[in-house]
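In case you want the letters, here they are:
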Amino acid sequence: MENTRNLAERTPRSERKRQDSFGMFDGYDSCSEESTSSSSSEDSEDEVPSIPASLPIIKNNGQVYTYPDGKAGMATCEMCGMVGVRDAFYSKTKRFCSVSCSRSYSSNSKKASIMARLQGKPPTKKAKVLQKQPLMAKLAAYAQYQASQQQQNLAKSKAVVPVECFDWGRYICSNNLVGAPVSCFKHVPMGTCWGDLAEGVRVEVLNSDTNLSTKVYWIAGIVKLAGFKALLRYEGFDNDTSRDFWCNLCVPEIHPVGWCASSGKPLVPPKSIQNKYSNWKAFLVKRLTGAKTLPPDFAAKVHENMQFPFKKLMRVEVVDKTHLCRTRVALVEQVIGGRLRLVYEESSDDFWCHMYSPLIHAIGWSRSIGHRFKRSDVSKKIDGQMDAPALLFAKVKDVDQSGEWFKDGMKLEAIDPLNLSAICVATVRKVLADGFLMIAIDGSEAADGSDWFCYHSTSPSIFPAGFCGINNIELTPPRGYTKLPFKWFDYLRETSSIAAPVKLFNKDVPNHGFRQGMKLEAVDLMDPRLVCVATVTRIVHRLLRIHFDGWEDEYDQWVDCQSPDLYPVGWCQLTGYQLQPPAAQSEINSLSPPYFVEEALLANW
């Protein structure tokens, strides 16, 4: 709010803009009389945007970069030994070249790396290769290369023990936690038809408290609900918690009351309380009168919702993780719970994303909007390949670009796709068709535009200038910008720029249902193979701050409330996806529980 007040104080009353429901100023006046240029209708891989004369140029390994203050400063990664420009390193401490190196430092492998450097050994081959990657695409390139190297090394040296034993029930009960309800996640199975399932609903389940050799069932009630998982208590135990158990409500062993009668299955009371009542039938009639149970077609709906339209060998266009400014063709290799493992054509590199991700598109999308595209030399399709139908992809909102619209050079605030914990000062670099924009982070963009990234104009990841200040979010200024604290008014005047008008941004805030402190399973978007135990730590309109349990706050990520990369508790168990447990720092440092060591290794696998 300080930035906003300063702006208001320094702007004549007649020039002040009215605030709208977003709580934002409706645009800033340009400090220059020159108008911004319109976007070009054509694009090519060799196109190089102009570099403002006021910015010094840095050359590194043949790659040209702009850097606001011209002071590079060098740093050495404490994990892999790579030497590079300090401000291109990850996190505030600048100790590591990437997320993977930072996380690996906490694992068992850090000891060997430290010893090697203390003994004067040169950087690994991995580090030397990394130095050749485009500097400002560092996180994407580093993560890709390190993932492939770690996968090869682990396959040769040590088998990773799959982490399948995380106990959500114990974790929730021991800390009195709350899981986000399934209804918050419209993209997951049962997300739109979860109904009013709540505490008190009765179900028929297997009776584990029996000496009988055959399967028998009993009625249980939901005591606590967390995502797909429910804490159940057998009828008749009243306030006795000794036999409570957690179960995923979408597994085949859960049935509505009445299923046993219609299926000819026996209802047998648990042996611990079998003598508590002489007439169990009368007891059940009394307890179940007026009670709720699952819909009779619940299991059928679960089965239907677990069918996914994307199939192996379907072709899609997806963002090139080594050059965010372009897309390339990839093949669907695997589908798990709606998540796709894509393998790039002419490459063994893969990329994980959800089928509703804004990063994937139908074949031909790039040409239709004027987006950069890496052409493939593959001339003949493999048997079974087919282009994924356009109707399978997430639809974007239609926009009218004929009136007042985004223009090249306009300033805004945007979530940095290479550092999702930061909302940064950014610039519209090119206006594409159908409402899409190419965005660059100020102060850290490559001269060839290879680190530009594409957001739709309705994307919840871009914001008007001043959004962070009004909502008390730390705004990341351009790298090397020394006039702090950052003030938008001064910056616009210094750069002779204008801010994109507030009315062009998406102001819709759905009634998402998330609350601060809720638990969920979330994709680590810096390594999108991983789905981790996570917490909603902050909510700003539709924006969620996701914290990965056990990790430092610097790994937090800003995510939209409707992101397809968020899942309810129990989603991994339901779909068969591997869940990464919390990284307990004290136990990682002592290296006692084996699965924590493996988790640290998996982060780079």
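Everything numeric in this text was worked out from a predicted model, so none of it was measured.

Quick notes on the rules
Residues numbered from 1 in each chain as written. Predicted model: local features only at pLDDT ≥ 70, side-chain atom pairs only at ≥ 80, totals over all residues. Heavy atoms only, no water. Pairing = 2+ DSSP bridges. Helix = DSSP H or I, 4+ residues; strand = E, 2+ residues; numbered from the N terminus. Contact = heavy atoms within 4.5 Å. Axes fitted to C-alpha atoms, helices over the stretch in contact; angles between N-to-C directions. Buried < 20%, exposed > 50% of the residue type's maximum accessible area, 1.4 Å probe, protein only. Arc of directions from axis to C-beta. Polar contact = N/O pair within 3.5 Å; in protein donor to acceptor, adjacent residues only side chain to side chain. Salt bridge = Lys/Arg side-chain N within 4 Å of Asp/Glu carboxyl O. Phe/Tyr/Trp six-rings, centres within 6.5 Å; stacked < 30°, edge-to-face > 60°. Core = buried A, V, L, I, M, F, W, Y, C linked by side-chain atoms within 4.5 Å. Domains from an automatic or database assignment. pLDDT = per-residue confidence, 0-100. Disulfide = S-S within 2.5 Å.

For the rest of this paragraph, the subject is the sheet that holds strand E9 (residues 245–248). Strand-to-strand pairing in sheets goes through backbone hydrogen bonds, with the strands running parallel or antiparallel. Here we have five strands laid out as an open sheet, ordered E9-E8-E7-E6-E10, and antiparallel in their pairing. Here the strands that pair on one side only, and so sit at the sheet edges, are E9 and strand E10 (255–256). Where strand E6 (residues 202–206) lies against strand E7 (residues 217–226), five bridges are found, and the strand directions are antiparallel. Within E7, the residue paired with leucine 206 across the bridge is tyrosine 217. Strands in contact with helix H6 (residues 168–175) are E7, strand E8 (229–234) and E9; relative to E9, the strand with the most contacts, it is inclined by about 130°. This element, helix H8 (residues 280–288), spans E6 and E7 of the sheet and lies at about 30° to E7.

Next up on the list: H6. What H6 keeps buried is the set Trp168, Gly169 and Ile172. When H6 is viewed along its axis, its buried side chains cluster within an angular range of 100° and face the same direction. In H6, the exposed residues that point more than 90 degrees away from the buried face are Arg170 and Ser174. On its buried face, H6 sits against E7, E8, E9, strand E24 (518–523), strand E25 (531–540) and strand E29 (579–580). At the N-terminal boundary of H6, the capping side chain belongs to aspartate 167, with an oxygen 3.1 Å from the backbone nitrogen of glycine 169. The first or second residue beyond H6 is asparagine 176, which carries a positive phi of 50°.

Next up on the list: the pairing of strand E12 (residues 323–336). Counting buried positions along E12 gives ten out of 14 residues, so the element sits mostly inside the fold. In this antiparallel pair of consecutive strands, strand E11 (residues 314–320) and E12, the connection spans two residues. Note: E12 against strand E16 (residues 372–373), two bridges, orientation parallel. Bridge assignment links arginine 326 to a residue of E16, and that residue is arginine 372. Two strands pair when backbone bridges link them, and E12 and strand E13 (residues 339–344) are joined in this way by six bridges, in the antiparallel orientation. Looking at the pairing, alanine 330 lines up with tyrosine 344 of E13. Here E12 hands over to E13 after two residues, with glycine 337 in that stretch at a positive phi of 60°.

Applying the stated criterion across every chain, the model contains 24 salt bridges. The partner of aspartate 297 in a salt bridge is lysine 301, and the shortest N-O contact between them spans 4.0 Å. For lysine 301, a relative accessible area of 30% gives the class partly exposed. A salt bridge links arginine 326 to aspartate 320; the shortest N-O distance between them is 2.8 Å. We note that arginine 326, like aspartate 320, is buried. When salt bridges that share partners are traced, they join Arg202, Glu235, Asp238, Lys276 and Arg287 into one network.

If you walk through the whole model with that rule in mind, you get 28 aromatic pairs. Measuring from ring centre to ring centre gives 5.1 Å for tyrosine 277 and tryptophan 280, while their planes differ by 75°; the resulting arrangement is edge-to-face. Tyrosine 277 sits in the partly exposed class, given a relative accessible area of 28%. The exposure class assigned to tryptophan 280 is buried, which follows from its relative accessible area of 13%. Between tryptophan 571 and tyrosine 577, the ring centres sit 5.7 Å apart and the planes meet at 40°, which makes this aromatic pair tilted. Overall, the relative accessible area of 0% leaves tryptophan 571 in the buried class.

So, about the nonpolar core. Grouped together as the largest cluster of nonpolar side chains are 66 residues, with contacts concentrated most on Trp194, Phe228, Leu232, Ile254 and Ile546. Taken domain by domain, this core gets at least three of its residues from each of domain 1 (197–294) and domain 4 (518–580). Once you skip the residues sitting within four places of it in the chain, leucine 232 turns out to touch Val203, Val205, Ala220, Gly221, Ile222, Val223, Arg243, Asp244, Phe245, Cys247 and Ile254. The next biggest cluster of nonpolar side chains, apart from the first, holds 60 residues, and it includes Phe351, Ala426, Val428 and Tyr455.

Mapped onto the secondary structure, threonine 192 falls in the loop between strand E5 (178–179) and E6. In sequence terms threonine 192 and asparagine 305 are 113 residues apart; their C-alpha atoms lie 9.8 Å from each other.

The next subject is helix H12 (residues 488–495). All buried positions along H12 are accounted for by Trp488, Asp490, Tyr491 and Leu492. Phi turns positive one or two residues past the end of H12, at serine 496, with a value near 50°.

This part takes up the environment of arginine 542. Along the chain, arginine 542 turns up in the loop between E25 and strand E26 (543–548). Overall, arginine 542 belongs to the buried group, its relative accessible area being 11%. Residues arginine 542 and aspartate 560, 18 residues apart in the sequence, show an inter-C-alpha distance of 6.0 Å. Arginine 542 has contacts with Pro460, Asn506, Asp508, Val509, Pro510, His512, Val559, Asp560, Cys561 and Gln562, leaving out every residue within four places of it along the chain.

Further remarks concern the confidence of the model for the protein. Reading fine detail from the predicted coordinates is not recommended where pLDDT is low. Looking at the protein as a whole, its pLDDT mean stands at 79, while 71% of the residues score no less than 70. Here residues 107–147 scores under 50 on pLDDT; set against residues more than four positions off or in separate chains, the count is 92 contacts. This model gives residues 151–164 a pLDDT under 50, and the stretch forms 17 contacts once residues within four places in sequence are excluded.

A separate point is unusual backbone geometry. Put simply, leucine 484 and proline 485 share a cis peptide bond, and its omega is 0°. Secondary-structure assignment places proline 485 in the loop between strand E23 (475–476) and H12. The phi torsion at asparagine 176 lies on the positive side, around 50°, for a residue other than glycine. Of note, asparagine 176 is situated in the loop between H6 and E5. Judged by relative accessible area, which is 65%, asparagine 176 ranks as exposed.

This paragraph deals with the pairing of E24. The side chains of a regular strand alternate between the sheet's two faces. Counting buried positions over the six residues of E24 gives six, a clear majority of the element. Taking every second residue as pointing to the same face, both faces of E24 are buried, with Met518, Leu520 and Ala522 on one and Lys519, Glu521 and Val523 on the other. The pairing of E5 with E24 spans two bridges and is parallel. Considered in E24, the bridge of valine 178 is made with methionine 518. Bridging between E24 and E25 involves five bridges; their strand directions are antiparallel.

Another point: the state of the cysteines. Inspection of the entire model under this criterion finds zero disulfides. Looking at the unpaired cysteine 193, the closest cysteine sulfur is the one in cysteine 250, lying at 8.8 Å. Since its relative accessible area comes to 25%, cysteine 193 is described here as partly exposed.

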